[in-house]
Amino acid sequence: MTPDAHRVLGACPHDCPDTCSLVTTVENGVAVRVQGNPKHRHTDGVLCAKVSKYTERTHHPERLLTPLKRVGPKGSGQFAPVSWDEALDDIAQRLKAIAARDPQAILPYSYAGTMGLVQGEGMAGRFFHRLGASLLDRTICASAGAEALTQTLGNKVGMKVEHFAEAKLILIWGSNAIGSNLHFWRLAQQAKRDGARLVCIDPRRTETAEKCHEHLAIRPGTDAALAFALMHELIVHNWIDHDYVQRHTLGWDQLRERALQWPPTRAAEVCGIPVEQITQLARDYGTTKPAAIRLNYGMQRVRGGGNAVRAVACLPALVGAWRHRAGGLLLSSSGHFPVNRAALQRPDLLGERRPRTINMSTIGDDLLRPASPAFGPAIEALIVYNSNPVAVAPDSSKVAKGFQRDNLFTVVLEQFQTDTADMADYVLPATTQLEHWDIHTSYGHTDVLLNRPAIEPLGEARPNTEVFRQLARRMGFTDACFDDDDLSLCRTALGEKVDFNALLEHGFATLALPEAPFADGHFPTPSGKCEFFSQRLADQGLDGLPDHLPNAELAGTSERYPLAMISPPARNFLNSSFVNVKSLRDIEGEPLLEIHPLDAKARHIRSGEVVRVFNDRGEYRCTARVSERARPGVVNGLGIWWRKLGLNGTNVNELTSQRLTDLGRAPTFYDCLVEVAPAEAG
Ligand SMILES: Nc1nc2c(c(=O)[nH]1)N[C@H]1C(S)=C(S)[C@@H](COP(=O)(O)OP(=O)(O)OC[C@H]3O[C@@H](n4cnc5c(=O)[nH]c(N)nc54)[C@H](O)[C@@H]3O)O[C@H]1N2
Ligand SMILES: Nc1nc2c(c(=O)[nH]1)N[C@H]1C(S)=C(S)[C@@H](COP(=O)(O)OP(=O)(O)OC[C@H]3O[C@@H](n4cnc5c(=O)[nH]c(N)nc54)[C@H](O)[C@@H]3O)O[C@H]1N2
Ligand code: SF4
Ligand SMILES: [Mo]
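Residues numbered from 1 in each chain as written. Chains lettered and ligands numbered in written order. Predicted model: local features only at pLDDT ≥ 70, side-chain atom pairs only at ≥ 80, totals over all residues. Heavy atoms only, no water.

1. A few points about the site of ligand 1
Logical step 1: Surrounding ligand 1, one finds 32 residues, the nearest of these being Ser180, Asp202, Asp223, Arg301 and Phe573.
Logical step 2: Measuring from an oxygen atom of ligand 1, one finds a side-chain N or O atom of serine 180 at 2.7 Å.
Logical step 3: Between ligand 1 and isoleucine 201 there is a distance of 3.1 Å, counted from a nitrogen atom to a backbone nitrogen or oxygen.
Logical step 4: Relative to its unbound accessible surface of 890 Å², ligand 1 loses 98% to contact with the protein. (Near = heavy atom within 4 Å. Polar contact = N/O pair within 3.5 Å; in protein donor to acceptor, adjacent residues only side chain to side chain. Areas by Shrake-Rupley, 256 points an atom, 1.4 Å probe, with all protein chains shown as cover.)

2. Thoughts on the site of ligand 3
Logical step 1: Around ligand 3, a shell composed of Cys12, Cys16, Asp18, Thr19, Cys20, Leu47, Cys48, Val51, His183 and Leu574 is seen.
Logical step 2: More than half of the atoms of ligand 3 fall within 2 Å of the grid points belonging to the second largest cavity.
Logical step 3: Class assignment of the residues belonging to the shell around ligand 3 gives a composition of seven nonpolar, two polar and one charged. (1 Å grid on protein atoms, 1.4 Å probe; cavity = no way out; pocket = protein on both sides within 12 Å on 5 of 7 lines; lining within 4 Å. Sits in = over half its atoms within 2 Å of the grid points. Nonpolar A, V, L, I, M, F, W, Y, C, P; charged D, E, K, R; others polar.)

3. Some thoughts on the sheet that holds strand S18 (residues 438-440)
Logical step 1: Strand order in the open sheet formed by three strands is S18-S19-S20, with antiparallel pairing between adjacent strands. Edge positions in the open sheet fall to S18 and strand S20 (508-510), since each of these has one partner strand only. When the angles between neighbouring strand axes are averaged without regard to direction, this sheet yields 15 degrees.
Logical step 2: Across the sheet, helix H21 (residues 486-494) lies against S18 and strand S19 (447-451), angled at about 20 degrees from S18, the strand it touches most. (Pairing = 2+ DSSP bridges. Helix = DSSP H or I, 4+ residues; strand = E, 2+ residues; numbered from the N terminus. Axes fitted to C-alpha atoms, helices over the stretch in contact; angles between N-to-C directions. Contact = heavy atoms within 4.5 Å.)

4. Here's the deal with the layout of surface pockets
Logical step 1: By volume, the largest pocket is sized at about 1300 Å³.
Logical step 2: Around the largest pocket, the lining comprises 42 residues; the ones closest to its centre are Tyr111, Glu121, Arg138, Lys156 and Arg341.
Logical step 3: Mapped by element, the contributors of at least two residues to the lining of the largest pocket are helix H4 (122-131), strand S7 (135-137), helix H5 (143-152) and helix H15 (341-345).
Logical step 4: Class assignment for the residues of the lining of the largest pocket results in 18 nonpolar, 16 polar and eight charged.
Logical step 5: Taken together, domain 1 (68-141 + 341-445 + 458-495) and domain 2 (144-331) each give at least three residues to the lining of the largest pocket, which thus spans both.
Logical step 6: What the second largest pocket holds in volume is close to 380 Å³.
Logical step 7: If you trace the second largest pocket, you find 21 residues lining it, with Glu207, Ala570, Arg571, Asn572 and Glu588 closest to the centre.
Logical step 8: Elements with a minimum of two residues in the lining of the second largest pocket: helix H1 (49-52), helix H6 (177-180), helix H24 (582-588) and strand S23 (592-595).
Logical step 9: Looking at the lining of the second largest pocket residue by residue, the classes come out as nine nonpolar, four polar and eight charged. (Points joined across faces, edges and corners; volume = space filled by probe spheres on them. Domains from an automatic or database assignment.)

In structure tokens form, the structure reads like this:
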């Protein structure tokens, strides 16, 4: 470090389960280096390749540094700089005029560009509640799995991640941990060195699958069938922990009956894998203690995704895995945190008003919907922050068409000129994590992190909170809560339950939680038990038990579109973030479709050649990679490129549908049939 350099503690803001503690080195007001905090045990001094390049992203030559107003036709990307005052005055006028007719015609659209509680829905929630805008159902990532966990275990809770290091069997299920959960993978490696067996369940032969002892390359959307066959074997071999089942579960007789309908031969057929893999896995799971399951969200992006997570979530109770701190399951730990959303986002500002809710996953259709008694007013204004819907939402030709409407007023708060920012009437420059305060929980560990600004905002960039404060003032909202500064919002977010002084000093604080949360039952369900059978679902007229629901777009049911396509994350991008960071884009190279050699041969496709991937929703061009990473009958379209950086101005979401999952109203990105052909043939 040079003499005028100093270090600042922060938190990685990205939508990643690892929520790393960051140490930023600042020299002369410039962030020169971002490193993992060695004192934070989950980070352990290590960052992924993406965030190691954080200074490149923050001091990027294409950062948006001034407010922009559209001067060309919608979507043309032609903008002129304007002052903040001019932009905010005009935006407030436009919103006031719409709100005077019906504030529900205004819709916020945000997701997890930052996971920060303050720059997320802190001030924004207050603003939109006070306004009475439509509510947004934030379903685009995890709501099927979240709803499933809540039905079965009672909340988004599970094992403490650190204890995976002591497990003797680890199932990595629907997760490419090396790419998207690196710090968990380090724990799995530790367990492996101590003799644990690692099994990966994933249609794609990922870098993670390659490094496990066993890989079950199942067809997409068949996880519940596999889970039931495992239960079948646990039952017939009597590997059940009857004492645990009897004392701490609900609905065992019914579940047992359903599981007995799934002999391994039946599941092998459905999953497209050898029956021996299933019987061997059942034996391992039934006889190895402690056994731990790391589930990730990859398996719930299909029609039956919620049911699949419910089926898998039953397994640990059956073998009594929860008794041991290194046994059980982890999908998300976010339910462990005592977040005070009511104080932070102030839904009470709605008063008696009950605005409608719009599902972010069907934004394509909803932007194109006219006013009707069932729908309410057409969407007239959209305020987008922390999200890039034109690239990440399903069925993107519809999304783009919606954004292109001349009578839609669109404001985008962004760090970069994304596909969505191209569609804006106003683009407002946002600060990055190195320039603002925030506070973070995690969905992959159980520590709270505080993020301090390391540098001054670049150019005229402002935190999201400041934009909503300023807009509130211009809208005439005089409530005192619009005066709260970001540091007080950080304090409000977790209330008294977290030691704020520890956060200020160390940058992180660990929640006090039991080592093995369900060793003695006490699940946060209504019955206090692990609910194989959910009365709450039955009361809604749904199946109280989990089941295997085949994909809506089931391989073998369409002659025109015989291939199933999944579109999992690319390792060097985070959703559509980092696609514009050249050093990372250079590693990914170009938009790719992995296709199995047999499927490629049948279509005269050679590796490295441009292909058309198409279905009735649209067409996407990318480069074929003939590879055994793809299983026969399944192609992998790695995500999520910016449309404008793709080959024909589209990305993989041109092909995905707006159909929703069985539980949680989530998208079905990986439930998608396509055909592939050499591009010249089109
Ligand atoms: N590098 C990187 N890290 C990321 C992200 C990223 O884009 N890039 N995204 C972040 C986000 S938003 C999230 S939500 C998290 C978690 O995001 P997830 O979507 O869980 O991401 P992964 O763990 O990469 O991948 C899931 C795995 O599930 C597999 N899969 C697809 N369909 C099925 C199926 O039907 N069954 C099973 N068993 N597996 C299936 C895919 O092939 C993939 O390897 O990761 C986060 N971390
Ligand atoms: N086909 C397919 N589509 C998918 C998925 C898939 O697996 N396959 N995954 C889905 C999943 S899991 C998710 S979570 C969604 C993710 O969708 P999004 O949450 O939209 O994620 P990003 O694409 O990373 O876009 C986040 C944007 O927020 C901006 N941003 C970051 N921090 C700030 C800030 O402080 N202020 C403001 N104003 N902006 C900020 C970034 O620059 C970035 O452009 O995509 C989904 N789409
Ligand atoms: S993206 Fe994930 S692994 Fe990378 S620094 Fe952030 S939290 Fe850590
Ligand atoms: Mo996600």
